[in-house]
Amino acid sequence: MAVRAVRGAVQLERDEAGHMDEQVGALLTAVLERNGLTTDDLISIWFTATPDLHSDFPAAAARKIGIVDVPLICAQELDVEGAMPRVVRVLAHIESDRPRADLAHVYLGAAAALRKDIAQ
């Protein structure tokens, strides 16, 4: 089994805890489903949020959808002028026999514009 990393992001419409839970939960669910993963395949997940998001920790959404025994950490994204606002990014470390080229990186909604080269 190899250690791989899967990326993803979602742009929130507003900075509200319930909305963050919904959108981050949808992002994580899509990452798992599109890559044929279960929570047992997860090693750890890094979340970053743009500096304009204050309502909650993105990791809280992971716990709410059942990712409870996986190490999670949140950090603030760099505050770059002109960057897309209200974005939560995810970097999930997984165990998988799939080649890197076969992994599906998931960018939902407007966040797909962030990585047109790998968004699926």
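Higher on the page you've got the structure.
These lines cover the structure that appears in this document, whether it is placed above or below. The model shown is predicted, which means the values in this text are computed figures rather than measured ones. (Residues numbered from 1 in each chain as written. Predicted model: local features only at pLDDT ≥ 70, side-chain atom pairs only at ≥ 80, totals over all residues. Heavy atoms only, no water.)

### Things to note about the environment of Ile 45
- With respect to the helices, strands and loops of the structure, Ile 45 is situated in strand β2 (residues 42-49).
- Along the sequence, Ile 45 and Cys 74 sit 29 residues apart, while their C-alpha atoms lie 8.7 Å from each other.
- In contact with Ile 45, other than residues within four places in its own chain, are Leu 28, Ile 67, Val 70, Pro 71, Leu 72, Ile 73, Val 90, Leu 91 and Ala 92. (Helix = DSSP H or I, 4+ residues; strand = E, 2+ residues; numbered from the N terminus. Contact = heavy atoms within 4.5 Å.)

### Notes on unusual backbone geometry
- Phi at Arg 86 takes a positive value of approximately 55°, unusual for a residue other than glycine.
- As for its position among the elements, Arg 86 is in the loop between β3 (72-76) and β4 (87-96).

### Side note on the pattern of salt bridges
- Across all of its chains, the model carries four salt bridges by this definition.
- As a salt-bridge pair, Glu 13 and Arg 14 come within 3.6 Å of each other at their nearest N and O atoms.
- Judged by relative accessible area, which is 62%, Glu 13 ranks as exposed.
- Among the salt bridges present, the one from Arg 89 reaches Glu 77, with a minimum N-O distance of 3.7 Å. Taken together, the residues Arg 89 in strand β4 and Glu 77 in the loop between β3 and β4 connect sequence positions twelve residues apart.
- A relative accessible area of 23% means that Glu 77 is categorised as partly exposed.
- One salt-bridge network, held together by shared partners, links Glu 13, Arg 14 and Glu 16. (Salt bridge = Lys/Arg side-chain N within 4 Å of Asp/Glu carboxyl O. Buried < 20%, exposed > 50% of the residue type's maximum accessible area, 1.4 Å probe, protein only.)

### Observations concerning the nonpolar core
- Core analysis: the biggest nonpolar cluster contains 29 residues, and Leu 28, Leu 42, Ile 45, Phe 47, Ile 67, Leu 72 and Val 88 have the highest contact counts within it.
- Tallying contributions element by element places helix α1 (residues 17-34) first for this core, with seven residues.
- Filtering out sequence-adjacent residues up to four positions away, Phe 47 remains in contact with Val 24, Leu 28, Pro 58, Ala 59, Ala 62, Leu 72, Ile 73, Cys 74, Ala 75, Val 88, Arg 89 and Val 90.
- Counting residues in each nonpolar core, the second largest holds five residues, with Met 84, Val 87, Tyr 107 and Ala 111 among its members. (Core = buried A, V, L, I, M, F, W, Y, C linked by side-chain atoms within 4.5 Å.)

### Quick look at the layout of surface pockets
- Of the volumes computed, that of the largest pocket is approximately 150 Å³.
- Contributing to the lining of the largest pocket are Phe 47, Thr 48, Ala 49, Thr 50, Leu 53, Asp 56, Phe 57, Pro 58, Cys 74, Ala 75 and Gln 76.
- Elements represented by at least two residues in the lining of the largest pocket include exactly β2 and β3. (1 Å grid on protein atoms, 1.4 Å probe; cavity = no way out; pocket = protein on both sides within 12 Å on 5 of 7 lines; lining within 4 Å. Points joined across faces, edges and corners; volume = space filled by probe spheres on them.)

### A few points about α1
- For α1, with 18 residues, the first-to-last C-alpha span of 25 Å sits near the 26 Å given by 1.5 Å per residue.
- Residues of α1 that are buried: His 19, Met 20, Asp 21, Gln 23, Val 24, Gly 25, Leu 27, Leu 28, Ala 30, Val 31 and Leu 32.
- Considering only its buried residues, α1 is in contact with β1 (2-11), β2, α2 (58-64), β4 and β5 (106-108).
- Of the residues flanking the end of α1, it is Gly 36, one or two places downstream, whose phi is positive at about 60°. (Expected span 1.5 Å × (residues − 1).)

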